[in-house]
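A structural walkthrough
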Amino acid sequence: QVQLVESGGGLVQAGGSLRLSCAASRSIFNFRVMGWYRQAPGKQRELVATLRSGASANYADSVKGRFTLSRDNAKNTVSLQMNSLKPEDTAVYYCNFGDYNGGNYWGQGTQVTVSS
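Structure report, in brief. Here the residue numbers are simple positions, counted from 1 along each chain's written sequence. This being a predicted model, a pLDDT of at least 70 is required before a residue's local features are given, and a value of 80 or more before pairs of side-chain atoms are given or counted; all residues contribute to the totals for chains, interfaces and linings. Heavy atoms throughout the structure, all of them, feed into the side-chain values; hydrogens and water do not.

Details of the environment of V114
Per the convention used, a helix needs a DSSP run of H or I reaching at least four residues, while a strand needs a run of E reaching at least two, with both numbered from the N terminus. Tracing the backbone through its elements, the reader meets V114 in strand 11 (residues 110-115). In the structure, V114 is positioned 86 residues away from I28 in sequence and 30 Å away in space, judged by C-alpha atoms. Contact between two residues is taken to exist if any of their heavy atoms lie within 4.5 Å; hydrogens are not considered. V114 has contacts with V12, Q13, A14, L85, K86, P87, D89 and T90, leaving out every residue within four places of it along the chain.

Observations concerning the nonpolar core
Among buried residues, the Ala, Val, Leu, Ile, Met, Phe, Trp, Tyr and Cys ones that are joined through side-chain atoms within 4.5 Å form a nonpolar core. For the exposure calls, accessible area comes from a 1.4 Å probe over protein chains only, and a residue counts as buried if that area is under 20% of its type's maximum, exposed if over 50%, partly exposed in between. With 30 residues, the main nonpolar core has W36, L80, M82, Y93 and F97 as its most contacted residues. Secondary structure elements with two or more residues in this core: strand 3 (18-24), strand 4 (33-39), strand 5 (46-52), strand 7 (67-72), strand 8 (77-82), strand 9 (91-98) and strand 11. With residues near it in sequence (within four places) discarded, Y93 still touches E6, L20, W36, Y37, R38, V48, F67, L80, M82, G109, T110 and V112.

Notes on the side chain of R38
Here R38 shows up in strand 4. Only 2.9 Å separates the side chain of R38 from the side chain of D89, close enough to count as a polar contact. A polar side-chain atom of R38 sits 2.9 Å from a polar atom in the side chain of Y93. If we ignore the near neighbours within four places in the chain, the residues touching R38 are Q44, R45, E46, V48, S62, V63, F67, E88, D89, A91, V92 and Y93. We call two N or O atoms a polar contact when they sit within 3.5 Å, provided that within protein one can donate a hydrogen and the other can accept it, with sequence-adjacent residues counted only if both atoms are side-chain atoms.

Details of the state of the cysteines
Pairs of cysteine sulfur atoms within 2.5 Å are what we label disulfides. Summed over the entire model, instances satisfying the criterion amount to one disulfide. Disulfide partner of C22: C95, at an S-S distance of 2.0 Å. Disulfide C22-C95: the torsion about the S-S bond is -80°, which places it as left-handed. Taken together, the residues C22 in strand 3 and C95 in strand 9 connect sequence positions 73 residues apart. Each member of the pair, C22 as well as C95, is classed as buried.

Quick word on the pattern of salt bridges
Where charged atoms from two side chains of opposite charge come close, those side chains can pair. Whenever Lys or Arg places a side-chain nitrogen within 4 Å of a carboxyl oxygen from Asp or Glu, that contact is recorded as a salt bridge. Scanning the entire structure with this criterion turns up four salt bridges. When the shortest N-O distance is used, the salt bridge between E46 and R38 registers 2.7 Å. With relative accessibility at 37%, the residue E46 sits in the partly exposed group. Across the salt bridge formed by D89 and R38, the nearest N and O atoms sit 2.9 Å from each other. Taken together, the positions of D89 in the loop between strand 8 and strand 9 and R38 in strand 4 put the pair 51 residues apart, joining distant regions of the chain. Judged on exposure class, the residue D89 and its partner R38 are both buried. The structure contains a network of salt bridges with shared partners spanning R38, E46, R66 and D89.

The values reported here are purely geometric and, on their own, carry no functional implication.
Structure representation (structure tokens):
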């Protein structure tokens, strides 16, 4: 089991930046996959970026070159740096972790609103 708490969302103008953080309640060293999803009003939840153990980060085409996923094992956090934000990035962003025992964990979500 792990509890995930997101932070860093807010309101920003188009072209601006935000940094989301996901703090885990225990060590993130041995998770199979960690990442971020988002859900806009009236739409399905979609993958934003994921990081699998031993691999490079994977990004949705819509955020490539603008978003960067990183991890800090010492702080048990995974972060998403979001630059050049667009109104279509507006959504609730969720942190997601998967372990090697089939466990799949979600944070409570953090709202990101990008104004035009």
